[in-house]
Amino acid sequence: MLASLLRAAMWSLAAASTLVAQPRPMTFLDVQHLRNVGAPALSPDGGSMLFTLSVPDWKEARRFTDVWMVSTAEGVASARQLTFTKDKNETNPRWSSDGRYFVFSSNREGTGAGATQQLYVMHPDGGEARKITDAKNGVGQFAFSRDGKWLVFGAGKSDEQQLWALPAGEIAAGEPTAVQLTKHAIPIGWWSLSKDGSRIFFLSVDTAATDRKNRLEKGFNVAVRNEDLPLQHLWVFEMEARTEQRLTEGSAYSVGGVTLSDDGRWVGFRGAPNNRYSRTVTESGMHDDLYLLEVSSRKIERLTNNQEVGESPLRFSPDGSRIAFAASNDFSYSRDQKIYLRRTTDAGGAWQKLGGGYDGGLSVDWWSPDGGTIYFGDGVKVTNQVLALDIATNTVRQVTTVRGSVRVNRDDETGLLLLSYETPHEPVSLFLARSEADLADPARWTRLTDANPQVREWALGEVEEVNWRSKDGRMVGGVLVKPVGYTAGRRYPLIVQMHGGPAGADILGFNDGYGSQVYAGAGYAVLLPNYRGSTNYGERHRIETAGVGKYFDRGFEDIMTGVDYLIARGIAHPDSLGAMGWSAGGHYSNWILTHTTRFKAISSGAGTVNWISMYAQSDIQRNRQWYMGGSLPYDNYDAYWQVSPLKYIKNARTPTLIHVVDGDPRVPRPQSEELHMALKRLNVPTELFVYPGQSHGIPDPRNQLTKAVVEFHWFEKWIRGKPGWFEWSALIKTVEGKVEGK
């Protein structure tokens, strides 16, 4: 208890000390040292919230997580740490149904491979945690039944998992004995308890992938593209009778995306067609359809029949009388999502399209208690807001008007609303609102976390929304980050940071872009343009890049006119320009490289240079076709070549730094190799950094830092003319804490 109070006091002192600390520029290492809050769990009475705090450890190149608790009435000042394991993790705290204790998962016992995840019980007033499971291969997902009788958990290797349960009444009182619930012939995957605790719904494949397992164990680890996978179907386990029943079967589809109605009568699920090429990770869902299962009769109704438009999971109104899902407008590929609504019992009935008059995308985030309103989050220009769809009038209204980003989840048990909120000068923190009526007024929110008080020690640049007129007359928007200590009338070097997607948007978030505040601290202005193809500005703005030869034309004009706008305002120096981006931002970096010599330096991350070779190399094809007017490269090579930066590579003059992850499935390494080789042959200054991994983004923090530092020094060299370039010794000293720097 004393240790807990001391930690809470240290948190408060850290916050207080920032009031007198001399502000300093933010560094890239500061970015890596940010702490993350996660796994919020409200107590049954809504009086307290458990959460986890993840703290980075650079020596171990890992993050370590502990459990904290905060009073929802007193707010952040009452936050206190409950677990203290320096090099272990406590995760996923879950309250018992009566709120007397909570359970969490931890690897705190054992070392190396022996440190499995087990469950521990703890009282909210502190004290030592007590281990309550001893599963040989550790515990996975766990949940309390809402009737307060059981703590259910999955245990066993991933290819052997079955479900077990502990009597909830025995957990706090003494040593509970685990009871094995399922003895399914094939391992269990996803599972969920019904609201009344009487059933467990679970997914399991029809046949075990023994051939694949055996060949991998024997060292035959060749990767098979779109490898055929066994079909997965839905089952139900009756807690009282200890029996299981199959709910779906057949070879037509594989089940996923399961949702349950609160009244226990209905199950919604997505059926993926039995085609291994349409069930890839990246394009899964595009060919799926929605199904509705009545639990009592086992009758299944197919709800949709679309060729290449994915729907969201099915959502039930609080009383189960209506169902809704989100899908592309009029079920047309890549349109903004609208909501489709129907009565649950109206089998074969027509769907009502809702939100057609709103120029943006809708989703079913949560229903009002009376079922009359659907709340959802959407991007509005340079912000993320909460909006509400009135079902009776089919109208959308904006609920929040923050100058930042807010995302909301409704707690099913208490009805309270948990908000993730950030601003240009505050990282994400959790807040609580007691009703939907309170969402509109931030003064009525209760702040629950303050994980990064150190940001108040940093000198941050002023951030503002900017809007300008593009070449075709369209108004385009974005975010401007001014240099720290900005002086009106003085011109500054400008870095243009282009987001990925391109169906994304930069917002008034904390250090948005690629370390924008670090550049601001070094005396750069930063422009984050939401060019054509971006979200948040309506459907027309997003889809204008689609069509033969149109991918770059409008977006490039938007970016360049944004630069001109800042030059005209006297902010940017026309002879000190740099550009950078990742993924679609990398595509634009390559287009800028081959279409203008106005920039002094470019950093291109995971960017396409040759759309013809990219089509088959990437793990996404249909999306590429859409951007090319629907044509295949084999039918229209000219369309793909016309928008390939490689076609114009002899125009390149700008020093270009290139980054890519070795096994990137989205924009594979050969694209960067093609660019690097071309620039080398043309004697354009270039460097290529290949990072280890199999993901579209750099997966590990040390290499994330490397990329940020390397490209910063690239701009320093070519824009400001600083001698030398990048030295590994300086980066290593920074990481070891021997020096401060970028």
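Parameters at a glance
- Residues numbered from 1 in each chain as written.
- Predicted model: local features only at pLDDT ≥ 70, side-chain atom pairs only at ≥ 80, totals over all residues.
- Heavy atoms only, no water.
- Helix = DSSP H or I, 4+ residues; strand = E, 2+ residues; numbered from the N terminus.
- Rg over C-alpha atoms; globule rule 2.2 N^0.38 Å.
- Buried < 20%, exposed > 50% of the residue type's maximum accessible area, 1.4 Å probe, protein only.
- Areas by Shrake-Rupley, 256 points an atom, 1.4 Å probe, with all protein chains shown as cover.
- Lys, Arg positive; Asp, Glu negative; His and termini not counted.
- Charge placed at Lys NZ, Arg CZ, Asp CG, Glu CD.
- Pairing = 2+ DSSP bridges.
- Axes fitted to C-alpha atoms, helices over the stretch in contact; angles between N-to-C directions.
- Expected span 1.5 Å × (residues − 1).
- Arc of directions from axis to C-beta.
- Contact = heavy atoms within 4.5 Å.
- Parallel < 35°, antiparallel > 145°, perpendicular 65-115°, else oblique.
- Nonpolar A, V, L, I, M, F, W, Y, C, P; charged D, E, K, R; others polar.
- Core = buried A, V, L, I, M, F, W, Y, C linked by side-chain atoms within 4.5 Å.
- Salt bridge = Lys/Arg side-chain N within 4 Å of Asp/Glu carboxyl O.
- Polar contact = N/O pair within 3.5 Å; in protein donor to acceptor, adjacent residues only side chain to side chain.
- Phe/Tyr/Trp six-rings, centres within 6.5 Å; stacked < 30°, edge-to-face > 60°.
- Left-handed = near helix turned anticlockwise from the far one by under 90°.
- pLDDT = per-residue confidence, 0-100.

1. Focus on the overall build of the protein chain
Summing up its helical and strand segments, the protein chain has 14 helices and 42 strands in all. Here the protein chain has a C-alpha radius of gyration of 27 Å; the compact-globule value for 742 residues is 27 Å, and the two agree. Its C-alpha atoms give the protein chain principal-axis dimensions of about 75 × 65 × 60 Å. The proportion of buried residues among the 742 residues of the protein chain is 55%. Surface summary for the protein chain: the accessible area is close to 31300 Å², and the carbon and sulfur share equals 49%. Mean positive and mean negative side-chain charge positions of the protein chain (82 and 83 charges, respectively) differ by 4 Å.

2. Remarks on the sheet that holds strand 15 (residues 199-205)
If you trace the four strands from one edge of the open sheet to the other, you get 14-15-16-17, paired in antiparallel fashion. Each end of this open sheet is capped by a strand with a single partner; those strands are strand 14 (191-193) and strand 17 (243-246). With direction set aside, neighbouring strand axes in the sheet form an average angle of 20°. Pairing of strand 16 (residues 232-238) with strand 17 involves four bridges; the strand directions are antiparallel. Its bridge partner being in strand 17, phenylalanine 237 is matched across the sheet by glutamate 244.

3. As for the sheet that holds strand 20 (residues 289-294)
The antiparallel open sheet is built from four strands, whose spatial order is 18-19-20-21. Strands at the two margins of the open sheet, each flanked by one partner only, are strand 18 (253-260) and strand 21 (299-302). The mean angle between the axes of side-by-side strands here comes to 30°, regardless of whether they run parallel or antiparallel. Bridge count for strand 19 (residues 266-273) against strand 20 is six bridges, and the pairing is antiparallel. Counted as the bridge partner of phenylalanine 269 is tyrosine 291 from strand 20.

4. Side note on helix 12 (residues 669-681)
With 13 residues, helix 12 should reach 18 Å at 1.5 Å per residue; the first-to-last C-alpha distance of 19 Å fits that figure. Among all positions of helix 12, only Gln671, Ser672, Leu675, His676, Ala678 and Leu679 are buried. Along the axis of helix 12, the buried residues cluster in a sector spanning 165°; they form a single face. In the core, the buried residues of helix 12 are packed alongside helix 8 (584-595), strand 40 (601-605), helix 9 (611-617), strand 41 (656-661) and strand 42 (686-691). Looking one or two places after helix 12, you find asparagine 683, whose phi comes out positive at around 60°.

5. Some remarks on the packing of helix 7 (residues 553-568) against helix 8
The interhelical angle for the contact between helix 7 and helix 8, taken along N-to-C directions, is 75°, at an axis separation of 11 Å. Compared by their axis directions, helix 7 and helix 8 come out roughly perpendicular. Of the residues in helix 8, those touching helix 7 at Gly555, Phe556 and Ile559 are Tyr588, Trp591, Ile592 and His595. Per-class residue counts for the contact of helix 7 with helix 8 are five nonpolar, two polar and no charged.

6. Overview of the pairing of strand 20
The two faces of a sheet get side chains in turn, since along a regular strand they alternate between them. Burial of strand 20 is extensive: five of the six residues sit out of reach of the surface. Two strands pair when backbone bridges link them, and strand 20 and strand 21 are joined in this way by four bridges, in the antiparallel orientation. Looking across to strand 21, one finds that tyrosine 291 is bridged to arginine 302. In textbook terms, the turn of a hairpin is the stretch between consecutive antiparallel strands, and for strand 20 and strand 21 this stretch comprises four residues, one of which, arginine 298, has a positive phi near 65°.

7. Brief notes about the nonpolar core
Residues Leu494 and Tyr519 are the most contacted members of the largest nonpolar core, which totals 97 residues. Broken down by element, the residue count for this core peaks at eight residues, all from helix 13 (residues 701-719). What tyrosine 519 contacts, discounting residues up to four positions off in sequence, is Phe28, Ile495, Gln497, Tyr514, Tyr524, Val526, Met580, Ala708, Glu711, Phe712 and Phe715.

8. Some details on the pattern of salt bridges
A full pass over the atoms with the stated rule returns 39 salt bridges. Glutamate 544 is paired through a salt bridge with arginine 532; the nearest N and O atoms lie 2.6 Å apart. With a gap of 12 residues between them, glutamate 544 in the loop between helix 6 (539-543) and helix 7 and arginine 532 in the loop between strand 38 (525-530) and helix 6 connect regions that are remote in the sequence. Neither glutamate 544 nor arginine 532 differs from the other in exposure class; each is buried.

9. Quick look at the side chain of threonine 259
Here threonine 259 is to be found in strand 18. Reaching out from threonine 259, the side chain makes a polar contact with the backbone oxygen of leucine 314 at a distance of 2.6 Å.

10. Brief notes about the packing of aromatic side chains
One pass over the structure, following the stated rule, counts 44 aromatic pairs. Ring geometry for tyrosine 551 and tyrosine 627: centres 5.0 Å apart, planes at 75°, overall edge-to-face. On the criterion of sequence distance, the pair formed by tyrosine 551 in the loop between helix 6 and helix 7 and tyrosine 627 in helix 10 (residues 622-627) is long-range, its members being 76 residues apart. Residue tyrosine 551 is classed as buried on the basis of its relative accessible area, which comes to 2%.

11. Re the packing of helix 13 against helix 14 (residues 728-735)
Their axes nearest at 11 Å, the elements helix 13 and helix 14 cross at an angle of 130°. Relative to helix 14, helix 13 is oriented oblique. Crossing hand, helix 13 versus helix 14: right-handed. Facing helix 13, whose interface residues are Arg702, Leu705, Thr706 and Val709, helix 14 presents Trp728, Leu731 and Val735.

12. Concerning the environment of glycine 509
Checked against the element boundaries, glycine 509 lands in the loop between strand 37 (492-498) and helix 5 (512-521). Among the residues examined, glycine 509 registers a relative accessible area of 5% and is labelled buried. Put simply, glycine 509 and isoleucine 391 are 118 residues apart on the chain and 31 Å apart in space, counted from C-alpha to C-alpha. Ignoring anything within four residues of it in the chain, the contact list for glycine 509 reads Glu422, Thr423 and Pro424.

13. Focus on the pairing of strand 9 (residues 126-131)
Relative to strand 9, strand 8 (residues 118-123) runs antiparallel, the two being bridged by three bridges. The residue bridging tyrosine 120 from the neighbouring strand is lysine 131, located in strand 9.

14. Thoughts on the environment of glutamate 736
Along the chain, glutamate 736 falls in the segment after helix 14. According to the relative accessible area criterion, glutamate 736 is partly exposed, its value standing at 49%.

15. Section: the side chain of histidine 233
Topologically, histidine 233 is positioned in strand 16. Residue histidine 233 is classed as buried on the basis of its relative accessible area, which comes to 0%. Separated by 3.4 Å, the side chain of histidine 233 and the backbone nitrogen of glutamate 249 make a polar contact.

16. With respect to the confidence of the model for the protein chain
For the protein chain, per-residue confidence averages 91 on the pLDDT scale, and residues scoring 70 or more make up 94% of the total. pLDDT under 50 marks residues 1-19. Its contacts with residues more than four places away, or in other chains, come to 23 contacts. Predicted confidence for residues 738-742 stays below pLDDT 50, and this span has 14 contacts to residues more than four positions away or in other chains.

17. Details of unusual backbone geometry
Cis geometry marks the peptide bond from glycine 501 to proline 502; its omega dihedral reads 0°. The residue proline 502 is located in the loop between strand 37 and helix 5 in this model. Of note in this structure, lysine 381 is not a glycine but carries a positive phi near 55°. Inspection of the secondary structure assignment puts lysine 381 in the loop between strand 27 (373-380) and strand 28 (383-390). By relative accessible area, which is 42% here, lysine 381 ends up partly exposed. For asparagine 511, which is not glycine, the phi torsion reads 50° and is therefore positive.

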